[in-house]
Amino acid sequence: MGFQTRSSRFVVREILLVGIAAAASFVFINHDNLYLSHPFRLSDARIESYFLATAMVYLFLRLVIVALELRPPRGHGELVRCPECGQWLDDPSAAGLQAHRRIELTPKPSRKEIVSAVALRKAVDAARFGNLTHPMESQDPNPAARIPVNATSEDLVAALDDPDYLERMRHSPRPPADPRLKR
């Protein structure tokens with residue numbers, strides 16, 4: 001018996017599952033007859049109890065089928081992870097590990113590169129949001145911190161972490177010449 005379409009196979013499979021569930025619910029409700037201690041007689045249960053038992057057995061069968069179709073994950077028999085970076089190694093030998101270590105990953109940026117990147121980001125943010133003020137704030141320009149001419153980029157980053165330094169610079173006698181500068 002060949003099935004023409006995929007949907008017809010699905011319909012036949014579901015009808016078989018519901019039929020098995022109905023038979024199991026009948027046996028479940030009339031289980032007293034299995035003891036063979038008296039003549040066969042049906043229980044006094046209403047039809048709704050048969051429907052409820054059928055639905056419960058059908059759901060149980062569906063869950064069993066789903067659990068059986070789950071496959072365990074495949075193990076990587078030949079591959080080994082690098083203990084330093086966690087990548088899979090094709091060659092688990094010591095020579096393969098040495099070859100993997102020779103591959104140069106992205107180098108970590110130096111302190112100077114980090115400082116310049118942070119300064120660039122702050123400059124871009126200041127240029128983008130410099131003229132925006134919250135409506136609740138006063139429209140008077142706040143005095144911006146004066147940046148010494150000979151300050152290095154490390155000094156500027158340290159000044160961001162030191163609130164006393166910022167206050168000293170803010171209250172210095174020579175404010176910046178450009179009133180648009182904000183901190």
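Quantities reported herein were computed from a predicted structural model and do not represent experimental measurements.

Conventions we followed
Residues numbered from 1 in each chain as written. Predicted model: local features only at pLDDT ≥ 70, side-chain atom pairs only at ≥ 80, totals over all residues. Heavy atoms only, no water. Salt bridge = Lys/Arg side-chain N within 4 Å of Asp/Glu carboxyl O. Helix = DSSP H or I, 4+ residues; strand = E, 2+ residues; numbered from the N terminus. pLDDT = per-residue confidence, 0-100. Patch = residues over 30% accessible without salt bridge, like charges linked within 9 Å, V, L, I, M, F, W, Y side chains within 5 Å. Areas by Shrake-Rupley, 256 points an atom, 1.4 Å probe, with all protein chains shown as cover. Buried < 20%, exposed > 50% of the residue type's maximum accessible area, 1.4 Å probe, protein only. Arc of directions from axis to C-beta. Contact = heavy atoms within 4.5 Å.

Draft legend 1. Just the pattern of salt bridges, in detail. Applying the stated criterion to the full structure yields three salt bridges. The partner of Arg13 in a salt bridge is Glu14, with the nearest N and O atoms 3.9 Å apart. For Glu14, the salt bridge identified is with Arg62, shortest N-O distance 2.3 Å. Placement of the pair is Glu14 in helix 1 (residues 6-29) and Arg62 in helix 2 (residues 47-69), with a sequence separation of 48 residues. Three or more residues are tied together by salt bridges with common partners; here these are Arg13, Glu14 and Arg62.

Draft legend 2. Highlighting the confidence of the model for the chain. For the chain, mean pLDDT is 76; residues scoring 70 or higher make up 67% of the total. Ranking the helices and strands of the chain by mean pLDDT puts helix 2 first, with 94, and helix 6 (residues 163-170) last, with 60.

Draft legend 3. Broad picture of a nonpolar patch on the surface. Together, Phe26, Val27, Leu34, Phe40 and Leu42 give the surface a local cluster of nonpolar side chains, amounting to about 520 Å² of exposed area. Tracing the backbone through its elements, the reader meets Leu42 in the loop between helix 1 and helix 2. Using a relative accessible area of 51% as the deciding quantity, one classes Leu42 as exposed.

Draft legend 4. Representation of helix 3 (residues 94-102) within the structure. The set of residues buried in helix 3 consists of Gly96, Leu97 and His100. Taken down its axis, helix 3 places every buried residue within 100 degrees of arc, on the same side. Exposed side chains of helix 3 directed beyond 90 degrees from the buried face belong to Ala94, Ala95 and Arg102. Each element contacted by the buried residues of helix 3 is listed here: strand 2 (88-89).

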